[in-house]
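The chain contents come next:
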Amino acid sequence: EAGVAQSPRYKIIEKRQSVAFWCNPISGHATLYWYQQILGQGPKLLIQFQNNGVVDDSQLPKDRFSAERLKGVDSTLKIQPAKLEDSAVYLCASSLELGAGSYNEQFFGPGTRLTVL
Amino acid sequence: AQSVTQLDSHVSVSEGTPVLLRCNYSSSYSPSLFWYVQHPNKGLQLLLKYTSAATLVKGINGFEAEFKKSETSFHLTKPSAHMSDAAEYFCVVSPYGSSNTGKLIFGQGTTLQVKP
């Protein structure tokens, strides 16, 4: 089966510019996650969707970051305006349902590497 | 609050020798614990998971981990390292309880170097 798709794979922008990332989860997966992975650190959850509703966005910097999953399938994460500290890899993951049970593995996409100059 | 601490940022072993990557966790509830591997320019891949069944968990590629509640540890081991095991490894906790949303909390990562 096809995995989680993300685009673009790489993006370089100037600070204060805007940028958007796209994610298409595995078909049939109801839950979608966006993580931020800063160089040398583990991924940190930014936002979690169940279908088209937000489950957890407690760590999303809402003054500059936004995300949507309008039709409950693919999702877009936007940064406006970008700061130097936003340089990171942005990972998208999906799972069948909520919860951390035995059959609820999260599958990760390859990520988008963002460089803010 | 739930968290994981990976005790080594970098581990170097020779090919064919045992691998030990150490992880301690902190959780108010009975947690789910995972190990993920990240090869350069590739996505994160699940190695193994503990979800309150057997305390010794076997994963892919010969890796295993043992859940020790008394020590709050979940160390990852492999009897014999292979060159292809060189990667970044993450210990991950997902809390149970009323907030069981599947949220994953990652450790800082351990870089495994395998020398020929």
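Residues numbered from 1 in each chain as written. Chains lettered and ligands numbered in written order. Predicted model: local features only at pLDDT ≥ 70, side-chain atom pairs only at ≥ 80, totals over all residues. Heavy atoms only, no water.

### With respect to the interface of chain B and chain A
Here is the rule we go by: What makes two residues a contact is simply this: any of their non-hydrogen atoms within 4.5 Å. The quantity reported as buried area is the accessible area (1.4 Å probe) lost by two parts once they are put together, taken as the sum for both. A side-chain nitrogen of Lys or Arg and a carboxyl oxygen of Asp or Glu constitute a salt bridge if their distance falls within 4 Å. Polar contact criterion, stated in full: a pair of N or O atoms within 3.5 Å, where within protein one must be able to donate a hydrogen and the other to accept it, and residues adjacent in sequence count only if both atoms are side-chain atoms. Secondary structure elements are taken from DSSP: a helix is a run of H or I of four residues or more, a strand is a run of E of two residues or more, and numbering for both begins at the N terminus. Three classes are used: nonpolar for Ala, Val, Leu, Ile, Met, Phe, Trp, Tyr, Cys and Pro, charged for Asp, Glu, Lys and Arg, and polar for all others, with Gly counted as polar.
Facing 21 residues of chain B, the contacting portion of chain A comprises 26 residues. Each partner contributes to the roughly 1,700 Å² buried at the junction of chain B and chain A, and carbon and sulfur atoms together form 49% of this total. The interface formed by chain B and chain A holds 1 salt bridge in total. K103 of chain B is the salt-bridge partner of D56 of chain A, the closest N and O atoms lying 3.8 Å from each other. Remark: the boundary between chain B and chain A carries 2 residue pairs in polar contact (both at pLDDT 80 or more). At the level of secondary structure, the elements contributing two or more residues to the side of chain B that touches chain A comprise β5 (32-38), β6 (44-50) and β10 (87-94) of chain B. By residue number, the principal contributor to the side of chain B that touches chain A is β5 of chain B, which donates 4 residues. Of the residues assigned to the side of chain B that touches chain A, the class counts are 8 nonpolar, 11 polar and 2 charged.

### Let's talk about the packing of aromatic side chains
What characterises a pair of aromatic rings is the spacing of the ring centres plus the angle enclosed by the ring planes. This is how it is decided: Within 6.5 Å between ring centres, the rings of Phe, Tyr and Trp (the latter by its six-membered ring) count as paired, and their orientation is classed by plane angle as stacked under 30 degrees, edge-to-face over 60, tilted in between. Three exposure classes are used, based on accessible area relative to the maximum for each residue type with a 1.4 Å probe and protein chains only: buried under 20%, partly exposed in between, and exposed over 50%.
Throughout the structure, instances matching the rule amount to 14 aromatic pairs over all chains. Aromatic side chains F65 of chain A and Y90 of chain A sit 6.4 Å apart centroid to centroid with 40° between the ring planes, which places their arrangement in the tilted category. With F65 of chain A in strand β7 (residues 65-68) and Y90 of chain A in strand β9 (residues 88-95), this residue pair connects regions lying 25 residues apart in the sequence. Take F65 of chain A and Y90 of chain A: they sit in the same class, and that class is buried. Relative to F67 of chain B, the ring of Y25 of chain B lies with its centre 5.6 Å away and its plane at 25°, an arrangement referred to as stacked. With Y25 of chain B in strand β4 (residues 23-26) and F67 of chain B in strand β8 (residues 64-68), the pair connects residues that are 42 residues apart, well separated along the chain. Residue Y25 of chain B shares its accessibility class with F67 of chain B, and that shared class is buried. Through successive ring pairs, a cluster of aromatic residues spans Y33, Y35 and F108 of chain A together with F34, Y36, F90 and F106 of chain B.

### Structural notes on the pairing of β6 of chain B
Residues and elements named next belong to chain B. Our working rule: Only strands joined by at least two bridges in the DSSP assignment are considered to pair.
Of all 7 residues that make up β6, 5 are buried, and the element is covered over most of its length. Sheet topology note: the β5/β6 ladder contains 6 bridges and is antiparallel. For V37, the partnering residue across the bridge sits in β6 and is Q45. In this antiparallel pair of consecutive strands, β5 and β6, the connection spans 5 residues, and N41 shows a positive phi of 60°.

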